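One-letter residues, chain by chain:
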Amino acid sequence: KEYKVLRRRLIPHSQFVRNATGAGVFCVPQRLNKESVKYFKYSRMFGASNANLSPLMMWPQANGPADLEEEALEVLSVDSCIGENGEAHRTGRFELMNRSEIDGSPSVLVVRRGQPFKLVVHCNRSFDEDRDVISLMLAVDPKDEDKISHGHGTVVYLPVESRSKSVEEDEHDWRATLDAVEDNVLTVSVTTSALASVSRWQLSIDTKLVDTEQIKSYGTSVQFYLLFNPWCESDPVYLEGEELREEYVLSDTTLIWRGCERSFHPTIWKLGQFERDILDCSLLLLSKVGRVTA
């Protein structure tokens, strides 16, 4: 039924022309591209078995829809893979990571620098590695008078490269690689520098069609918090030994000593580092009190 509706819509606007190879094709105005792509798929499905359903063939069967000008890939949504990244980066206990379960608001990704994290990108069509180009822009969310720039390392542009391309890796480099492609779903791995700014970051995605001026940007930025990484040897805060990391990084309680010189005793102190708003308060203290710029 949909096939017949598409046919009735396209036939009045079609025009028979010959392409560069001399083969005859039916062309339609660019505003009807989406309908013609659907029509072509139905033609391939039903045309061979039912001649009555395919009087209008949009392209020569050998060429497929390559004669039709496509649009740049459009990103529909991005999954931050909260659970998987939280386990890999040991950040799953932060309230930000569990916010959707607590009050229903969107969870926010918290990861550690110098270590890859995973994103799943959903697009409007299948990804074509030969024609589609994807790039990421990551930028620090500035505090008040902070100025961000590429030169200061607070704005980073990353082309998403295929894993098949051998690239010499540096421990302080940023990287983005395409781990898997399943039709219109892309799995991207992003590795931040081990010296990256410990801040709240914004990530946006641009797509481009090769040899054209068509560029699209994903309108909603993906927000994430980037923390120090005592598990990464390239990070200046690296700690040797899992016991030290458990005590000084992951433990939410510690001991403080109370009393005087001759009479003192330990008291349990709850740090509350995973509670609501603590990360934002910490970044504010670094910026306002410590005057540490991004």
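Treat the numbers as computed from the prediction; the structure is a model and nothing was measured. (Residues numbered from 1 in each chain as written. Predicted model: local features only at pLDDT ≥ 70, side-chain atom pairs only at ≥ 80, totals over all residues. Heavy atoms only, no water.)

A. Focus on the overall build of the chain. From N to C terminus, the chain includes six helices and 15 strands. Long-range pairs, those at least 24 residues apart, make up 60% of the contacts in the chain with a sequence separation of at least 6. Here the chain displays about 17800 Å² of accessible surface, and carbon together with sulfur accounts for 51% of that area. (Helix = DSSP H or I, 4+ residues; strand = E, 2+ residues; numbered from the N terminus. Contact = heavy atoms within 4.5 Å. Areas by Shrake-Rupley, 256 points an atom, 1.4 Å probe, with all protein chains shown as cover.)

B. Seen up close, the sheet that holds strand 8 (residues 161-162). Within the open sheet, the five strands sit side by side as 3-5-10-9-8. Their pairing is mixed. What marks the edges here is a single partner per strand, and that holds for strand 3 (75-79) and strand 8. Pairing between strand 9 (residues 175-182) and strand 10 (residues 185-191): seven bridges, direction antiparallel. Each residue of the ladder has a partner; that of T177, found in strand 10, is S189. (Pairing = 2+ DSSP bridges.)

C. Region of the structure containing the environment of V210. Inspection of the secondary structure puts V210 in the loop between strand 11 (200-209) and strand 12 (215-217). Note: C-alpha distance between V210 and D130 (80 residues apart in sequence) is 7.9 Å.

D. Examining the nonpolar core more closely. One finds L136, L138, W201, I205 and F224 to be the most contacted residues of the largest nonpolar core, which totals 41 residues. Sequence-distant contacts of L138, defined by excluding residues within four places in its chain, comprise T154, V155, V156, L158, W174, V190, W201, Q202, L203 and F224. (Core = buried A, V, L, I, M, F, W, Y, C linked by side-chain atoms within 4.5 Å. Buried < 20%, exposed > 50% of the residue type's maximum accessible area, 1.4 Å probe, protein only.)

E. Molecular detail of helix 6 (residues 278-289). In this model helix 6 runs 15 Å from its N-terminal to its C-terminal C-alpha over 12 residues, within 8% of the 16 Å that 1.5 Å per residue would give. When helix 6 is considered as a whole, its buried residues turn out to be L279, L283 and S287. For helix 6, the angular spread of the buried residues around the axis is 65°, confining them to a single face. Facing away from the buried side of helix 6 by over 90 degrees, the exposed positions are L285 and V289. Buried residues along helix 6 sit in contact with strand 4 (109-112), strand 11 and strand 13 (222-227). (Expected span 1.5 Å × (residues − 1). Arc of directions from axis to C-beta.)

F. A look at helix 5 (residues 242-250). Restricting attention to buried positions, one finds in helix 5 the residues R245, V249 and L250. Buried positions in helix 5, seen along its axis, are confined to an arc of 70° and lie on one side of it. Of the residues in helix 5, the exposed ones pointing more than 90 degrees away from the buried face are E243 and Y248. Taken together, the buried residues of helix 5 touch strand 4.

G. Structural context of the environment of G153. With respect to the helices and strands, G153 occurs in the loop between strand 6 (132-140) and strand 7 (155-159). Judged by its relative accessible area of 29%, G153 falls in the partly exposed class.

H. Structural detail: the packing of aromatic side chains. This structure, assessed with the given rule, holds five aromatic pairs. Taking the centre distance of 5.1 Å and the plane angle of 50° together, the rings of W174 and W201 count as tilted. Remark: W201 occurs in strand 11 and W174 occurs in the loop between strand 8 and strand 9; sequence separation between them is 27 residues. Relative accessible area serves as the criterion here: at 17%, W174 is assigned to the buried category. A network of ring pairs unites the aromatic residues F117, W174, W201 and F224 as a single cluster. (Phe/Tyr/Trp six-rings, centres within 6.5 Å; stacked < 30°, edge-to-face > 60°.)

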